[in-house]
Amino acid sequence: MASNKKRALITGINGQDGSYLAEFLLEKDYEVHGLVKRNSVNESQFSRIDPIRSKIELFYADISDIASLTNAVLKIQPDEIYNLASQSHVSVSFDQPILTAQITGVGALNLFETVRIHCPKARVYQASSSEMFGNIIDEDGFQRETTRMNPASPYACAKVFAYHLARNYRTVYDMFISNGILFNHESPRRGTNFVTNKVCRQAVSIKYGLTDKLDLGSTSAMRDWGHAKDYVRAMWMVLQLDKPDDFVCATGVCHSVQELVEYVFGSLGLDWTKYVDVDKRLLRPEELYSRKGDSTKLRQATGWKPEYTFETMLDEMVQYWLNELR
């Protein structure tokens, strides 16, 4: 007997956002399917989704491989698709620009084309990024859906390509494809090569005497940081609307890397000035100094608002590492 549950397909289900989204959709009584790339080290590959492995169905596929993508889509016939798969690290994109373009850019095209041919009625969420705006900021200090895009990395360029393809397929083929332009979002599940979790992990390591310093790039960069749990909820809300559109998802509050460091070290009773060094090798070729998002359109359309603050998000991350490294 066929299930009456909605079927969701999540690319990149084993990443930070994918794992939280899978949990959220299971709570909404969805049938959840996910795509994962083959990895020789299974232990680390599935660590974020281990608690829900028995409740979801996984397919080995890659969005850069349209044959495997087509095979999965034909088997699943999803009602909703969340494209979260990406080479998502900005610094790495300078080292691997072609790979980044293939996965983050052309991979999205492969997905849109597969959906157009095999399940055109499916609703698609395309994970776009605030990196697309680069250093272009509106006069009031915010970046929003109408802000001009000026990508400053291969990753951002690939995301702009995918963003405009989503809009093009939406218009030309009358497909339900919405872009979520997400600003920085973090959690204990964030990779430790990203600055928030790097700071939290290293600060706790220093607290426990496991290491004695933290190397960072620019500490003056300003970011609008939210919690991934809040942002995956926004992804789902966007696909429940009557019409597809493009939405900025952000807290609207900006903090510097310096403030991040001061708060985390302070919460552990540490004087950050004794441990933090600036490593020029960690600086971006083109640094983005200030990013703050205006999510008015999203909030008005869906009623979304973040439940976490900058501080409660960091408290959760610090507590995770206190438990993990103890």
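In case you missed it, the structure is sitting above this.
A. Geometry of the pattern of salt bridges. Scanning all chains against the criterion turns up 15 salt bridges. A salt bridge links aspartate 246 to arginine 167, with the shortest nitrogen-to-oxygen separation between them at 2.4 Å. Taken as a pair, aspartate 246 in strand S11 (residues 246–249) and arginine 167 in helix H6 (residues 154–172) lie far apart in primary sequence, 79 residues in all. Its relative accessible area of 2% is what places aspartate 246 among the buried residues. Across the salt bridge formed by aspartate 215 and lysine 213, the nearest N and O atoms sit 3.5 Å from each other. Residue classification places aspartate 215 among the partly exposed positions, given a relative accessible area of 23%.

B. The arrangement of the nonpolar core in detail. If you look at the biggest cluster of nonpolar residues, it comprises 35 residues, and the most contacted ones within it are Ile10, Leu25 and Tyr82. Elements that contribute at least two residues to this core include exactly strand S1 (7–11), helix H1 (16–27), strand S2 (31–36), strand S5 (123–129), strand S6 (176–182), helix H8 (228–239) and S11. Looking at this core, the element that brings in the most residues is H8, giving nine residues. One finds Leu9, Leu69, Ile81 and Ala166 within the second-largest nonpolar core, a separate group that totals 25 residues.

Cut-offs used in this document
For every chain, the first residue of the written sequence is number 1, and numbering continues from 1 onward in sequence order. Local features in this predicted model are restricted to residues whose pLDDT is 70 or higher, and side-chain atom pairs enter the listing and the counts only when it is 80 or higher, whereas totals over whole chains, interfaces and linings include all residues. Where side-chain values are given, they derive from all heavy atoms of the structure, hydrogens and water being excluded. Any carboxyl oxygen of Asp or Glu within 4 Å of a side-chain nitrogen of Lys or Arg constitutes a salt bridge here. Helix numbering and strand numbering both begin at the N terminus, where a helix is a DSSP run of H or I of at least 4 residues and a strand a DSSP run of E of at least 2. Remark: exposure states derive from per-residue accessible area (1.4 Å probe, protein chains only) relative to the maximum for the residue type, with buried under 20%, exposed over 50%, and partly exposed in between. By convention a nonpolar core is built from buried Ala, Val, Leu, Ile, Met, Phe, Trp, Tyr and Cys residues, the set being connected through side-chain atoms within 4.5 Å.

Keep in mind that these numbers describe shape and distance, not what the molecule does.
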